[in-house]
Each structure stands twice: as C-alpha cells, then as structure tokens.
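Below are the chains, spelled out letter by letter.
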Amino acid sequence: MYEYHIPVLLNECLEGLNIKPNGIYVDATFGGGGHSREILARIPQGRLLGFDQDPDAQKNAFDHPNFTFIRSNFKFLENFLRHNNAEQVDGILADFGISSHQIDDARRGFMFRNEAPLDMRMNTETGITAADILNQYDFVKLIRIFRDYGEILNAKPLTERILNARTNKLFAQNSDLIEAVAGLYPKQKENKFLAQVFQSLRIEVNNEIEALEAFLEQCIQVLKPGGRLVLLTYHSLEDRPVKNLIKTGNVEGNVIQDFYGNVQTPFQLITKKPITASEEELERNSRARSAKLRVAEKL
Ligand SMILES: C[S@@+](CC[C@H](N)C(=O)[O-])C[C@H]1O[C@@H](n2cnc3c(N)ncnc32)[C@H](O)[C@@H]1O
C-alpha cells in the first residue's frame, strides 16, 4: 500500500500535547494526517484544525465533524483560527519540513536521484520555482541562499558555475543543475553537497524560515495558559528560532530580564533535552533520523 508519510515520534508527540478530550488542537503540518488521526481519536468532544499548504495533503483530510482542514500556509495561523472560531487553543503540533510523499514524487523536484523538474514548491498553485531562482537571481542573492540556507562553506564557485551555465541554457531539470556543479566537490562528498544545494533552494522557494518565524510568534498569542507547543525540527535553521522562542519568547533570542535577572519567557520547557527517535523507530523509518522534538507549556 502507498504510504504518504510515516508520522515521526508519534507517541512522544501525543504525550507532549497532554490531550484533553474536549480540547481544541492544531496540527500545523497535516501532511498524510498521521499525527492528526491519533489526536482526533483522543478528542471525542474537542476540535482539531489541520493546516497544510500542499493541495496533495488536502486529499488526506478527514471527513469528521470534529476536524477542519485549512489549506493555507501556517504563517496565517492567527487569522485562520479566528475565522474558524478557535481564537485560543489547548495545543499546537508542528512537524516542519517536507513529507515523504513530496520527496518521493519525482514530479515535485525535491530530490536529485531521479530526473525531475526544478520545482520544489510545497504549494504547487503559486510562487516561484527552484528553476526561476537559478535563472533569475543575481550573484549576491544566490550566494546568500547557499551560505545561509545550505551552510555551504565555499558558495562562490558554486554560484559562479550557475551564472555561467545559464548563459548557455536556462535551468529546467535537476540534471541541468547537477551537470553545472559537477566536479566542484570530491566524488565521495557529492551526495552531501547536492543535498545541501537542494535544501537551500527548497528553503528559498518556500520561504520556509520567514513562515516558521511568523508562525512561532503567533503561537504565543493563540495558546491558552497551560496549552502545549509540540515542535519537530529537522535541521539547525529550524532549531534556532524554536529554541529562542521557548527560551526568550521571541525568535531572535533577545533576552529580557526581570528586576532579579530572570529571563522573561511565556513558556516553560517540558523536555529538558530534545527527544530523538529510538533505534527501533529508526529501523522502521530512516526519515526520523534527524528529528528533534521539543515540548513547551504556555505559562
Ligand atoms: C513532515 S510533513 C508532516 C507530516 C505529518 N505530520 C504526518 O504525520 O503525515 C510536513 C508537511 O507540512 C507542510 N508544510 C510545510 N511548511 C508549511 C507551511 N509553511 N504552511 C503549511 N504547510 C506547510 C508540508 O506541505 C508537508 O505536507
């Protein structure tokens, strides 16, 4: 059977949400609905609102009176909750990044192993593609993406190769990009390098960091006191604003201290150390490898 996505750290997320049967919950990244299905089963008198910007995810939405699917970017969290009469909620789950379905469907262009168009949009109905970025961005913008989002140390020759290649032929397929950067890195490091290049483009295409930061700051407003924030991150660019938010109440990590020198924050951290997947889970689902789960409670 086709598996859209295997939910990561499922039991740990459910425990983190501390679910009340009549509570109102948000799954900000519905995907295949793996986490949502289990939340919904635990709230017979409650409500669950599931966000996803991918039209493919909407096909997994449940036909259930306690469930509402919102096909939108989660950066509009507050507006959509208000619009759905759910201004204040008891828990929010977010499982950032892309789903296995998005990775595995070659037409979406997230991976470099099979021939695919350079698309990488989560919302396939709007926005610019990875090809547009490679064909249109100038040197300064491209180098910034590779440095900041791919953490690629020597982004200059990479950017030069791209600018050079597009004077002959515009980028369309992932093989155009792979050919353009061939030989820049030793063979044994090529996969890691390409993964960094593709990740950086994906983050830019989907404006991921801006959306993540806008979403996180709205969580403070919409969570009830005692409400739970359950966040799954997969790389350091996601980790940083999440850690900052919980520690300081803002994504930049600007510390505000009270008279006694205590750092002010609207959250209490529940997981002293981020939770990671067990060996047993990794055997079943290798995509859980880099996952870090943090749980915080709104004060
Ligand atoms: C890792 S998957 C979530 C999988 C889900 N927890 C499950 O068990 O099936 C992430 C999902 O979030 C969606 N997503 C990522 N960023 C988003 C954003 N800014 N707004 C709305 N949806 C987003 C993606 O389209 C993808 O379907």
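Keep in mind the model is a prediction, meaning the values are calculated, not measured.

Here helix α12 (residues 236-248) contains 13 residues, and its C-alpha end-to-end distance of 18 Å stays within 8% of the 18 Å for a straight helix at 1.5 Å per residue. Where α12 is buried, its residues meet α7 (139-150), α10 (190-205), α11 (208-222), β5 (223-233), β6 (267-269) and β7 (292-298). One or two steps after α12, the chain reaches G249, where phi turns positive at roughly 85°.

Turning our eyes to something else, we now look at the domain arrangement of the protein. Domain annotation for the protein reports domain 1 (10-100 + 208-298) and domain 2 (124-205). Contacts between domain 1 and domain 2 engage 11 residues on the former and eight residues on the latter. Both faces considered, domain 1 and domain 2 share a buried interface measuring about 780 Å² in area, 46% of it formed by carbon and sulfur atoms. Inspection of the region where domain 1 meets domain 2 yields two salt bridges. A salt bridge links E125 to R71; the nearest nitrogen and oxygen atoms lie 2.8 Å apart. If you list the elements that add at least two residues to the side of domain 1 that touches domain 2, you get α11 and α12. Counting residues per element, the side of domain 1 that touches domain 2 draws most heavily on α12, which supplies four residues. Taken together, the residues of the side of domain 1 that touches domain 2 sort by class into four nonpolar, three polar and four charged.

When you tally the buried positions in strand β2 (residues 47-51), you get four out of five residues, the bulk of the element. Pairing analysis gives four bridges linking strand β1 (residues 24-27) to β2, with the strands arranged parallel. Each bridged residue has a counterpart across the sheet, and for D27 the counterpart in β2 is G50. Chirality of the crossover, the property in question, places the unit of β1, helix α2 (residues 34-41) and β2 among those that are right-handed. Both β2 and strand β3 (residues 67-70) contribute to a ladder of four bridges, which runs parallel. The partner of F51 across the bridge, within β3, is I70.

A few words on the packing of aromatic side chains. Evaluated as defined, the whole model comprises 11 aromatic pairs. Their ring planes at 45° and their centres at 4.8 Å tell us that F74 and F215 sit as a pair that is tilted. With F74 in the loop between β3 and α4 (77-83) and F215 in helix α11, this residue pair connects regions lying 141 residues apart in the sequence. The residues F74 and F215 share a single accessibility class, namely buried. Connected via pairs of aromatic rings, a cluster forms that spans F30, F62, F67 and F69. Above the plane of the ring of Y137 lies K141, whose end atom (NZ or CZ) is 4.2 Å from the centre.

Once that is clear, we can look at unusual backbone geometry. If you check the backbone angles, M120 has positive phi at about 75° while not being a glycine. Position of M120 among the secondary structure elements: in the loop between α5 (100-104) and α6 (130-136). In this structure, N207 takes a positive phi of about 50° despite not being glycine. By relative accessible area, which is 40% here, N207 ends up partly exposed.

On to the side chain of D27, then. Tracing the chain through its elements places D27 in strand β1. No salt bridge is formed by the buried D27; its nearest oppositely charged neighbour, R37, is found at 9.8 Å. A polar contact of 3.1 Å, which involves the side chain of D27, links it to the backbone nitrogen of T29. Those residues within four positions of D27 in sequence are excluded, and the remaining contacts are H35, S36, L48, L49, G50, F51 and L93.

Cut-offs and rules
Residues numbered from 1 in each chain as written. Predicted model: local features only at pLDDT ≥ 70, side-chain atom pairs only at ≥ 80, totals over all residues. Heavy atoms only, no water. Helix = DSSP H or I, 4+ residues; strand = E, 2+ residues; numbered from the N terminus. Expected span 1.5 Å × (residues − 1). Contact = heavy atoms within 4.5 Å. Domains from an automatic or database assignment. Buried area = accessible area lost by both parts, 1.4 Å probe. Salt bridge = Lys/Arg side-chain N within 4 Å of Asp/Glu carboxyl O. Nonpolar A, V, L, I, M, F, W, Y, C, P; charged D, E, K, R; others polar. Buried < 20%, exposed > 50% of the residue type's maximum accessible area, 1.4 Å probe, protein only. Pairing = 2+ DSSP bridges. Right-handed = clockwise from strand over helix to strand, strands pointing away. Phe/Tyr/Trp six-rings, centres within 6.5 Å; stacked < 30°, edge-to-face > 60°. Lys NZ or Arg CZ within 6 Å of the ring centre and 35° of its normal. Lys, Arg positive; Asp, Glu negative; His and termini not counted. Polar contact = N/O pair within 3.5 Å; in protein donor to acceptor, adjacent residues only side chain to side chain.

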